[in-house]
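Notes for the structure review
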Amino acid sequence: MTVSDNRIIVGSLAGAFGVKGEVRLKSFCAKPEDIALYTPLTTDDGRIFRVVVIIGQAAGALVARIEGIDTKEEADAMRGVSLYAERARLPHLPDDEYYHADLIGLPVLDTGGRELGHVRAVLNHGAGDILEVLAPDASDTVLLPFTLAAVPTVDLSAGRIIADPPEGLF
Amino acid sequence: MSRSVWKGPFVDAYVLKKAESSKSGGRNDVIKIWSRRSTILPQFVGLTFGVYNGKKHVPVNVTEEMIGQKFGEYSPTRTYYGHAADKKAKRK
């Protein structure tokens, strides 16, 4: 198996847990334990971990047993290593639901085809999702509500977002 | 000590005024407000407010579950980005 470029970061290793080769695993997933579902996980240097078993929780991290890491020394040596999953391993989503990883970086155009910027981040502070759009030649970002009215089209295949922003936003 | 019931919920007068004019005008714009202390009232449901967080106006789309909360609760003054990983966004 080779490592492809279509990967997303899902976690990182935070050293050993105990002396039996178990690792502290920091998960960046919405449900932390879901990281085990996205195996095989790869690292920057091309190492592949095919089996990840979550066995418990520690302060701020999961405790896991990872195939290929058998001793405390090996686990400690992997401290800080990022873990990536193939984008294709993520489950399909219903209409009008999108992975942040798919939206980030997409260009945002207005209904007339003028480029407004590109998506820098997707935020949610409890009142609906918000696209943080960085306009070209601008240092500050604009927050665009991710609603059907403000963002009528998300075309992932064409790689663009069509927005109809409320007046005075851009 | 909690606020006396006889006073009713606190809302800055200009927020009420702006919401009313936006609703009667039928416009789909973000109502920019600086009043993070104002209570979210039932008549605000369906409107989108831009609540100032000290740097910019954060869009807050008011829904029924938010009634009784303060606007400031939905416009954090510090932002943590984190990793996208498998996080999802839903368009409503």
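Residues numbered from 1 in each chain as written. Chains lettered and ligands numbered in written order. Predicted model: local features only at pLDDT ≥ 70, side-chain atom pairs only at ≥ 80, totals over all residues.

1. Things to note about the interface of chain A and chain B
Note the cut-off: Any pair of residues counts as being in contact when their C-beta atoms, constructed from backbone geometry, are within 7 Å of one another. Under the DSSP-based scheme used, a helix requires at least four consecutive residues in state H or I and a strand at least two consecutive residues in state E, with every element numbered from the N terminus. Pairs of strands are assigned from DSSP output, requiring at least two bridges between the strands.
Facing 37 residues of chain A, the contacting portion of chain B comprises 25 residues. At the level of secondary structure, the elements contributing two or more residues to the side of chain A that touches chain B comprise β1 (7-17), β8 (97-99), α2 (100-103), β10 (115-124), β11 (129-134) and β12 (141-145) of chain A. Examined bridge by bridge, β8(A) and strand β4 (residues 88-90) of chain B share three bridges and lie antiparallel to one another. In the strand pairing of β4(B), A:Glu97 is matched with B:Lys90.

2. Here's the deal with the sheet that holds strand β1 (residues 31-33) of chain B
Residue and element names in this part refer to chain B. Stated formally: Convention adopted: a line fitted to C-alpha atoms gives each axis, helices being fitted over their contacting stretch, and angles between N-to-C directions are expressed from 0 to 180 degrees.
The sheet built from three strands is open, its strands ordered β1-β2-β3 with mixed pairing. This sheet does not close on itself; its edge strands, each paired only once, are β1 and β3 (57-61). The mean inter-strand angle of the sheet, taken between neighbouring strand axes irrespective of direction, is 30°.

3. Describing the confidence of the model for chain B
In plain terms, the rule: Per residue, pLDDT measures the predictor's confidence, with a range of 0 to 100.
Averaged over all residues, the pLDDT of chain B is 92; the fraction at 70 or higher stands at 100%. The ipTM for the predicted assembly is 0.87, set against a pTM of 0.87.

4. A few points about the nonpolar core
How we decide: In this usage, the nonpolar core is the set of buried Ala, Val, Leu, Ile, Met, Phe, Trp, Tyr and Cys residues whose C-beta atoms join them within 7 Å. Exposure is read from a count of other C-beta atoms within 10 Å of each residue's own; the residue is exposed at 12 or fewer, buried at 20 or more and partly exposed in between. C-beta atoms are placed from the backbone. Residue ranges assigned to the domains are those given by an automatic or database domain assignment.
By size, the foremost hydrophobic cluster in this structure holds 60 residues, and its most contacted members are A:Val10, A:Val23, A:Leu131, A:Leu144, A:Val151, B:Phe49 and B:Val60. Here the element with the most residues in this core is β1(A); it accounts for five residues. Domain assignment of the residues forming this core places at least three in each of domain 1 (7-88) and domain 2 (100-163) of chain A. Leaving out residues up to four positions away in the same chain, A:Val10 has contacts with A:Ser27, A:Phe28, A:Cys29, A:Ile35, A:Tyr38, A:Leu41, A:Leu83, A:Tyr84, A:Ala85, B:Ala85 and B:Asp86.

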